[in-house]
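Read off the chains here:
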Amino acid sequence: MTRYPIILAHGLGVTDQGGLYTPWGRVPDLLRARGAVVYLGGQDAWGSIETGAAQLARTVRRVLREQGCRRVNIIAHSKGGLEARYLISTMGYGRYIASLSMLSTPNRGSRVAELLLYARPGVALWARGNDAYWSRHGDEKPDSLRAGEQLTPAYLARFNRNNPDANCVFYQSWGTRIGTVHSDGAMMLTRGLFYPAHGASDGLVTPASARWGLYRGTLDGVSHQQVVDVFRKDAPGFSVKRFYTSLARGLAEKGL
């Protein structure tokens, strides 16, 4: 389907095998059934952007070696998009990346992360316990507190200045947004708790923050989790099969 293999890069709090949720659901099998070569990103659940980018670099090198190709496409969800941008810019991997497609990536930060960090003493205590748990369950270098700090608007303003887009990479993005009634209870809870300061969002990220490169639009009625098929069930009005098939076909039409 696509000229280059696809790497699916997950977001915060999960690994390719699971965590707070299991990312991607039916997506890998769907894309493979249509002829795409698909790999998973292999990042830590609670690592920093730098750690996740280094792990993505390892996956990129593996794909180039195993497939005998020169470049890859990355489809990234949430924090995975920031890790991919760091990989491309700061780590100089742009020549190996044909495209970066970002889904609900907080490119301008998330007020949810900012507001949670106001309770820093309690959050720091939780972070130590979370890091200890994940160090025993697969993370190579968990750093929950730093991972959270790196999602704040203030941090992302600096990050964006330090990680300009590479001219050789095609960047595109989608935002997602849920309304006042939705089937994803967890994301409805975070949306409700932070709505006055955060505005309309998918539960964690606003469409304005997700906008980067060529903005393909906002998926209404789709939560932060549903866009990566966590429940293996389509949201009303959103077909996982149609969306990801269209995304991959678009890359193929560009020769990527």
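Scroll up to find the structure this text is about.
Computed from a predicted model, the values in this text were never measured in an experiment. (Residues numbered from 1 in each chain as written. Predicted model: local features only at pLDDT ≥ 70, side-chain atom pairs only at ≥ 80, totals over all residues. Heavy atoms only, no water.)

Description of the pattern of salt bridges
And step 1. This structure, assessed with the given rule, holds eight salt bridges.
And step 2. Through salt bridges with shared partners, a single network forms among R26, D229 and D234. (Salt bridge = Lys/Arg side-chain N within 4 Å of Asp/Glu carboxyl O.)

With respect to the pairing of strand β1 (residues 6–9)
And step 1. Of the two faces of β1, both are covered, the one formed by I6 and L8 as well as the one formed by I7 and A9.
And step 2. Here three bridges tie β1 to strand β2 (residues 38–40), and the two strands are oriented parallel to one another. Among the inter-strand pairings, I6 is bridged to a residue of β2, identified as V38.
And step 3. As a crossover connection, the stretch from β1 through helix α1 (residues 27–33) into β2 is right-handed. (Buried < 20%, exposed > 50% of the residue type's maximum accessible area, 1.4 Å probe, protein only. Helix = DSSP H or I, 4+ residues; strand = E, 2+ residues; numbered from the N terminus. Pairing = 2+ DSSP bridges. Right-handed = clockwise from strand over helix to strand, strands pointing away.)

Description of the sheet that holds β2
And step 1. An order of β2-β1-β3-β4-β5-β6 is seen for the six strands of this open sheet, with the pairing classed as parallel. Single-partner strands in this sheet number two, and they are β2 and β6 (214–220). If you compare each strand with its neighbour and ignore which way they point, the axes differ by 20 degrees on average.
And step 2. Relative to the sheet, helix α3 (residues 79–89) contacts β1, β3 (72–77), β4 (97–103) and β5 (170–177), its axis offset from that of β4 by approximately 155 degrees. (Axes fitted to C-alpha atoms, helices over the stretch in contact; angles between N-to-C directions. Contact = heavy atoms within 4.5 Å.)

Quick notes on the side chain of S144
And step 1. For S144, the location among the structural elements is in helix α6 (residues 144–149).
And step 2. You can call S144 buried: its relative accessible area is 4%.
And step 3. A polar contact of 2.9 Å, which involves the side chain of S144, links it to the side chain of N130.
And step 4. When near neighbours in sequence (up to four residues on either side) are disregarded, S144 contacts W46, W126, A127, N130 and D131. (Polar contact = N/O pair within 3.5 Å; in protein donor to acceptor, adjacent residues only side chain to side chain.)

Quick word on unusual backbone geometry
And step 1. Positive phi is not limited to glycine here, since D229 has a value of about 55 degrees.
And step 2. Residue placement: D229 occurs in the loop between β6 and α10 (240–253).
And step 3. Residue R232 is not a glycine yet carries a positive backbone phi of 50 degrees.
And step 4. Residue position: R232 is located in the loop between β6 and α10.
And step 5. Take R232: its relative accessible area is 53%, and that puts it in the exposed class.

Description of helix α7 (residues 153–162)
And step 1. Every buried residue belonging to α7 is among Y155, L156, F159 and N160, and all of these are buried. Seen along its axis, α7 keeps its buried residues to an arc of 135 degrees; they face one direction. Those residues of α7 that are exposed and angled more than 90 degrees off the buried face are R161 and N162.
And step 2. Where the residues of α7 are buried, they touch α2 (49–67), α3 and α6. (Arc of directions from axis to C-beta.)

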